[in-house]
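Coordinate analysis (summary)
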Amino acid sequence: MSTAYINTDVLIWARNRAGLSEDDLVQSINKKYIEWEEGLTKPTFKQAQAIAKKLRIPFGYLYLSKPPAESKLTVDLRTFGDSISREFSIDLKDVIADAIRKQDWYREYIKEVTDEPLEFVGKFNSSSKIKDVAVDISKTLKLHLDDRNQFSKDEFLRYLTEHAEEAGILVIRNGKVGSNTHRTLNVDEFRGFALTDPYAPLIFINSADFTAAQIFTFVHELAHIWIGYDGVSNYSINDDFLHSDTESLCNQIAAEVLVPDEDFKREWQHISGDVQVRSENLTRIFKVSSVVIARRALDLGYIQKEEFFNYYGILQKLWSKSKSKSSSGNFHNSFPIANSKSFTNAVCKEIFSGNLLMRNGARMLGVKPETIVKYAKQGGLI
């Protein structure tokens, strides 16, 4: 069998990048793996292919003269209860890198249409008043509390997505790496991230999360766009004191957008009962999770910390017994959501106008050419 003369330095780099130990590769690939890494022996071509697949790198990387340089992807704003910082997983790295590639392509595409940057990107900063930012977000996305009565939470999330994309924001909602169902994203690692840009701001929402949580994440990431600050978030509504000032600010802006204090005060006073009864009733009005309602009540002085954390404990037990209801649905309907509908439509237009090769467009969207043709016909793009 042919020998693969791979670079051991690249092999070590790729294993560390994937967060795996030598023993992990010994058990999953071959008992001689350590010998390969130390350069004592070489794997076969087939074994090297298996290594590349396991480490999630292009096979050709193993033959590079040195490990490829990886630039810092974006700001890490995540916090964890044990105060231990964590490197981005290989799945998160790949998701962010893909989002950056999409953003770079779309920026060039949209700049051919207009030279006018989006006025809301970075319109505010960390010193701005929370209500001012919240009002501007609501105005731009045409958000009115009265309109929500007709929506379920899923419908409200779609409404947010559509209006954000109409405003010029790329919105990607996906619970896996691309279309790979074997690489699901971990909600505990991150809930979303924002990549600011005056022409192509981008929001990624981890759709492995519950719908109500996705709604809050969505508006939290919008706040990042409005204050012009990139970052990966894994916020938790119960431990706001652990977060950076930026994350706490974006949480407060999101709460004001989704649960405006004046509306909240009016609705809270109309309902009698304890925090659980009131929160579960108001979640139907505001289309956010009941824990967001309870946290809003705490921040506005309607309940005490003990009441909030007792209720949060009840919710944690319920969450541990259930799983996210998110599902992939029909692939032909979901793949534009996993790529951003605006980005998907732009790629299709470039393909059918002859400016982009079909195979390149299909690679960018992670689908087969026939899927693009079917989508374009159904959407009237061709």
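Rules behind the numbers
Residues numbered from 1 in each chain as written. Predicted model: local features only at pLDDT ≥ 70, side-chain atom pairs only at ≥ 80, totals over all residues. Heavy atoms only, no water. Salt bridge = Lys/Arg side-chain N within 4 Å of Asp/Glu carboxyl O. Helix = DSSP H or I, 4+ residues; strand = E, 2+ residues; numbered from the N terminus. Buried < 20%, exposed > 50% of the residue type's maximum accessible area, 1.4 Å probe, protein only. Phe/Tyr/Trp six-rings, centres within 6.5 Å; stacked < 30°, edge-to-face > 60°. Lys NZ or Arg CZ within 6 Å of the ring centre and 35° of its normal. Core = buried A, V, L, I, M, F, W, Y, C linked by side-chain atoms within 4.5 Å. Contact = heavy atoms within 4.5 Å. Axes fitted to C-alpha atoms, helices over the stretch in contact; angles between N-to-C directions. Parallel < 35°, antiparallel > 145°, perpendicular 65-115°, else oblique. Nonpolar A, V, L, I, M, F, W, Y, C, P; charged D, E, K, R; others polar.

Our focus in this paragraph is the pattern of salt bridges. Inspection of the entire model under this criterion finds 17 salt bridges. Between Asp261 and Lys131 there is a salt bridge whose closest N-O contact spans 3.1 Å. Linking Asp261 in helix 10 (residues 261-270) with Lys131 in helix 6 (residues 130-140), this pair joins segments that are 130 residues apart in sequence. The class of Lys131 is partly exposed, set by a relative accessible area of 40%. For Arg191, the salt bridge identified is with Asp209, shortest N-O distance 2.4 Å. Pair noted here: Arg191 is in the loop between strand 3 (180-184) and strand 4 (192-195) and Asp209 is in the loop between strand 5 (202-206) and helix 8 (211-227), with a separation of 18 residues, a long-range link. Taken together, the shared-partner salt bridges in this structure form one network comprising Arg17, Arg56, Asp91, Asp94 and Arg183.

All right, on to the packing of aromatic side chains then. Within the structure shown, the criterion is met by 19 aromatic pairs. Aromatic side chains Phe45 and Phe59 sit 5.0 Å apart centroid to centroid with 80° between the ring planes, which places their arrangement in the edge-to-face category. Taken as a pair, Phe45 in helix 4 (residues 45-55) and Phe59 in the loop between helix 4 and helix 5 (90-111) lie far apart in primary sequence, 14 residues in all. On the numbers, 6.0 Å between centres and 50° between planes, the contact of Trp268 with Tyr302 is tilted. Highlighted residues: Trp268 in helix 10 and Tyr302 in the loop between helix 12 (290-299) and helix 13 (305-320), separated in sequence by 34 residues. Taking relative accessible area as the criterion, Trp268 reaches 2% and is therefore assigned buried. Through a chain of ring-to-ring contacts, the aromatic side chains of Trp105, Tyr106, Tyr109 and Phe343 assemble into a single cluster. Between Lys111 and the ring centre of Tyr199, over which it is positioned, the NZ or CZ distance is 5.1 Å.

Before going further, it helps to spend a moment on the nonpolar core. Residues Leu222 and Trp226 are the most contacted members of the largest nonpolar core, which totals 57 residues. Sort the elements by how many residues they give to this core and helix 8 lands first, with 9 residues. The contact partners of Leu222, leaving out residues within four places of it in the chain, are Ile137, Leu141, Ile169 and Ile203. In terms of nonpolar packing, the next biggest core, distinct from the first, is built from 32 residues, Tyr106, Ile110, Val232 and Ile372 among them.

So, on to the packing of helix 16 (residues 358-365) against helix 17 (residues 369-378). At a minimum axis separation of 9 Å, helix 16 and helix 17 run at an interaxial angle of 90°. Taken together, the axis directions place helix 16 and helix 17 in an arrangement best described as roughly perpendicular. Contacts between helix 16 and helix 17 involve Met358, Gly361, Ala362 and Leu365 from the former and Pro369, Ile372 and Val373 from the latter. Residue composition of the contact of helix 16 with helix 17, by class: 6 nonpolar, 1 polar and no charged.

What follows concerns the side chain of Glu256. Note that Glu256 resides in helix 9 (residues 245-258). Excluding anything up to four places from it in sequence, Glu256 contacts Ile130, Lys131, Ala134, Asp261 and Arg296.

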